[in-house]
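Commentary on secondary and tertiary structure
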Amino acid sequence: GVSSLQRVTPSQLKQHNGRKGKPAWSAYQGKVYNVTPYVPFHPGGEGEIRRAAGKDGEKLFNEVHPWVNWDNMLESCIVGIMVGEAETLK
Ligand code: HEM
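First, a word on scope: everything that follows refers to the structure included in this document. Quick caveat: nothing in here was measured; it's all calculated off a predicted structure. (Residues numbered from 1 in each chain as written. Predicted model: local features only at pLDDT ≥ 70, side-chain atom pairs only at ≥ 80, totals over all residues. Heavy atoms only, no water.)

Moving on, we come to the overall build of the protein chain. Looking only at helices and strands, one finds four helices and five strands in the protein chain. Mapped in sequence order, the helices and strands of the protein chain form the string β-α-β-β-α-β-α-α-β. Counting only residues that meet the buried cut, the protein chain has 32% of its 90 residues in that class. Sequence-distant contacts in the protein chain: of pairs separated by 6 or more residues, those separated by 24 or more amount to 69%. Of the accessible surface of the protein chain, which amounts to about 5,800 Å², a share of 55% is contributed by carbon and sulfur atoms. The average position of the 11 basic charges and that of the 9 acidic charges among the side chains of the protein chain differ by 9 Å. (Helix = DSSP H or I, 4+ residues; strand = E, 2+ residues; numbered from the N terminus. Buried < 20%, exposed > 50% of the residue type's maximum accessible area, 1.4 Å probe, protein only. Contact = heavy atoms within 4.5 Å. Areas by Shrake-Rupley, 256 points an atom, 1.4 Å probe, with all protein chains shown as cover. Lys, Arg positive; Asp, Glu negative; His and termini not counted. Charge placed at Lys NZ, Arg CZ, Asp CG, Glu CD.)

Here's what the structure looks like:
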């Protein structure tokens, strides 16, 4: 359940940009996914999916393929939920 998930701040998300050996994380609807294992299999190419690395990818994603069920596809890749910048300090 959601309680076992890591709390991820916007600055932590930004650090996971898929560059220099770092994993590529993307946020969708408040949930954070490690998309790294999927990147080589993305039908739209690696470059396209990497545009959302370290970011909230919802807008880009929905501009291109709103019919794709990412929630279902990336279920096993979920790492956490987005929280505000100060939330992990509490
Ligand atoms: C195609 C999944 C992120 C750009 C596809 C397709 C899937 C997919 C299943 C095939 C769709 C179809 O044929 O109906 C995903 C998943 C993503 C993701 C799971 C997130 C983790 C992105 C992002 C972009 C993007 C962020 C753009 C910035 C594209 C493009 C195609 C495509 C351009 C079309 C390729 C073509 O038909 O020639 N993606 N995608 N995708 N995706 Fe993604």
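Surveying the vicinity of the ligand reveals 18 residues, the closest of which are Tyr28, His42, Glu48, His65 and Trp67. Measuring from a nitrogen atom of the ligand, one finds a side-chain N or O atom of histidine 65 at 2.8 Å. Tryptophan 67 has a polar side-chain atom sitting 2.7 Å from an oxygen atom of the ligand. Looking at the shell around the ligand, the elements with two or more residues in it are helix H2 (46-50) and helix H3 (58-64). Ranked by the residues each element gives to the shell around the ligand, the list is headed by H3, at three residues. Here the residues of the shell around the ligand sort into 13 nonpolar, three polar and two charged. (Near = heavy atom within 4 Å. Polar contact = N/O pair within 3.5 Å; in protein donor to acceptor, adjacent residues only side chain to side chain. Nonpolar A, V, L, I, M, F, W, Y, C, P; charged D, E, K, R; others polar.)

Within the first shell, the iron atom of the ligand binds the protein through His42 (NE2) and His65 (NE2), at distances of 1.9 to 2.1 Å. In this structure, the iron atom of the ligand is surrounded by six donor atoms whose angles at the metal cover 88 to 179 degrees, and the resulting shape is octahedral. Taken as a pair, histidine 42 in the loop between strand E3 (31-34) and H2 and histidine 65 in the loop between H3 and helix H4 (70-73) lie far apart in primary sequence, 23 residues in all. Like histidine 42, the residue histidine 65 is buried in the burial classification. (Donors = N, O, S within 2.8 Å, 3.2 Å for Na, K, Ca; no water. Tetrahedral: all angles 85-135°; square planar, octahedral: opposite > 155°, others 65-115°.)

Moving on: the packing of aromatic side chains. Taken as a whole and judged by the stated rule, the model has five aromatic pairs. With a centroid separation of 6.2 Å and 55 degrees between ring planes, the pair formed by tyrosine 28 and tyrosine 33 is classed as tilted. As far as burial versus exposure is concerned, tyrosine 28 and tyrosine 33 are alike and both buried. Members of the aromatic cluster, each reached through a chain of ring pairs, are Tyr28, Tyr33, Phe61 and Trp70. (Phe/Tyr/Trp six-rings, centres within 6.5 Å; stacked < 30°, edge-to-face > 60°.)

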